[in-house]
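Structural description and commentary
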Amino acid sequence: MPDLIEKKKTEAVAVSAPEKPEKARSLGSDAWQELRRNPVFLLSAALILLLIVITIAPGLFTSVDPRAGDLRNHYLSKPSYGHLFQDDWFGYDGQGRSIYARVIYGARASIIVGTCVTAAVTVFGGLLGMLAGYFGGWVDTLLSRITDIFFGIPLLLGALVVLNAFTARTVWSVVFALVALGWTQMARVMRGSVITVKQADYVTAARALGAGTPRILFKHILPNAVAPVIVVATIALGGYIATEATLSFLGIGLQDPTISWGIDINSAQNVIRTAPHVLFFPAGMLSLTVLAFIMLGDAVRDALDPKLR
């Protein structure tokens, strides 16, 4: 009998005890759960991670000097596909240099340019767009008209003009040219997002409680308005890599001794009929890199926008 009474007390306590409410997930955690189940994201993230490792430590993949040319290694010699990770795996270019080594070391310039340009235009353009969208009035009018002026300049054509002012065109001069003209898209996206977010109730409540403008901007508006900018920046990164390669191909971008896929594609156009592999490997690596970032951006967009799920 005592056991029965004790059992009933335990059951009563269990019934009366309130269930612990499930912790609400934020937009970031919810998007991460969605991304983890997306095979496109996993594949693109794996490719980008591999590219980052190649950029940081190319010596892990080849011990061959990519600038060392030996004319005994003729470009008409077919690639030795059985010699994995060897200097003749992809064959040789017109100067007897290992194409495989140049493909590996060429990733560094492209990834650095793409990453630095994306980070700079996101910070600069996002800040201008946030100020224009939040303050409105003459501030919005002034910043929007400045943005329209720069937006009317084609990125590739404008970069050609800017880079002509440099005698030595390095990675940082290419970064400067692309940042000077590429921030307009981020500014427009951030401005539209901020205009929507600043009308929310929590922003009005923060303003009514006496929160200052910097606190409202960086504590309440920025975290809730940055999602579209992240999506655009991820997709744009691949475009900046392609733009750098195009500038180098046209002879106005990076120059020797810098190793770039665009430079190698430019050199390969003279022998494309007799040795197409000289063009195929740097062009294929460039296409794969751009595709990886575009796929990553599409996956992030689908995860951050519930309407697309």
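1. Thoughts on the overall build of the protein
Helix and strand content of the protein: 13 helices and zero strands. Its helices and strands in sequence order give the protein the pattern α-α-α-α-α-α-α-α-α-α-α-α-α, from N to C terminus. Across the protein, every contact between residues at least 6 apart in sequence was considered, and the portion connecting residues at least 24 apart equals 72%. Carbon and sulfur atoms provide 65% of the accessible area of the protein, an area that totals close to 17100 Å².

2. Observations regarding the packing of aromatic side chains
Scanning the model with the defined rule gives 12 aromatic pairs in all. Arranged with centres 6.3 Å apart and planes meeting at 65°, the rings of Phe 85 and Tyr 100 form a pair that is edge-to-face. Linking Phe 85 in the loop between helix 3 (39-56) and helix 4 (99-135) with Tyr 100 in helix 4, this pair joins segments that are 15 residues apart in sequence. Residue Phe 85 is classed as partly exposed on the basis of its relative accessible area, which comes to 48%.

3. Observations concerning the layout of surface pockets
Over the atoms, a rolled probe matching the size of one water molecule traces out where space is still vacant. Looking at the largest pocket, its volume works out to about 310 Å³. As for the largest pocket, its lining consists of 17 residues, and the residues nearest its centre are Leu 50, Ile 54, Ile 104, Met 285 and Leu 288. The element contributing the most residues to the lining of the largest pocket is helix 13 (residues 277-304), with six residues. Looking at the lining of the largest pocket, its residues break down into 15 nonpolar, two polar and no charged.

4. Quick notes on empty space enclosed by the protein
Scanning all chains against the criterion turns up one cavity of 30 Å³ or more. Lining the largest cavity are Asp 93, Arg 97, Ile 99, Arg 102, Val 103, Asp 264, Ser 267, Val 278 and Pro 282. Put simply, the parts of the chain that give the lining of the largest cavity at least two residues each are helix 4, helix 12 (261-268) and helix 13. Broken down by element, the residue count for the lining of the largest cavity peaks at three residues, all from helix 4.

5. Things to note about the side chain of Thr 184
Note that Thr 184 resides in helix 8 (residues 184-197). For Thr 184, the residues in contact, after removing those within four places along its chain, are Thr 147, Phe 150 and Phe 151.

Cut-off values and rules
- Residues take numbers from 1 onward in each chain, read along the sequence in its written order.
- A pLDDT threshold of at least 70 governs which residues receive local features in this predicted model, and a stricter bar of 80 or more applies before side-chain atom pairs are shown or counted, although totals over entire chains, interfaces and linings include all residues.
- In computing side-chain values, all of the structure's heavy atoms are included and hydrogens and water are not.
- Under the DSSP-based scheme used, a helix requires at least four consecutive residues in state H or I and a strand at least two consecutive residues in state E, with every element numbered from the N terminus.
- The contact definition used throughout considers only heavy atoms, calling two residues in contact when any of these lie within 4.5 Å.
- Only the protein chains shown count as cover for residues, with accessible areas throughout obtained via the Shrake-Rupley method and a probe of 1.4 Å.
- Only centres within 6.5 Å qualify two rings of Phe, Tyr or Trp (six-membered ring in Trp) as a pair; their planes then separate them into stacked at under 30 degrees, edge-to-face at over 60, and tilted for everything else.
- Each residue is assigned to one of three classes by its accessible area relative to the maximum for its type, calculated with a 1.4 Å probe on protein chains only: buried under 20%, partly exposed between the two thresholds, exposed over 50%.
- Cavities and pockets were defined on a 1 Å grid built over protein atoms only: a cavity is a set of grid points that admits a 1.4 Å probe from which the probe cannot escape, a pocket is an open set flanked by protein on both sides within 12 Å along at least five of seven lines, and lining residues are those with an atom within 4 Å of any such point.
- Grid points are joined across faces, edges and corners, and a volume is the space filled by probe spheres set on the points.
- Amino acids outside the nonpolar list (Ala, Val, Leu, Ile, Met, Phe, Trp, Tyr, Cys, Pro) and the charged list (Asp, Glu, Lys, Arg) are all regarded as polar, and Gly is one of them.

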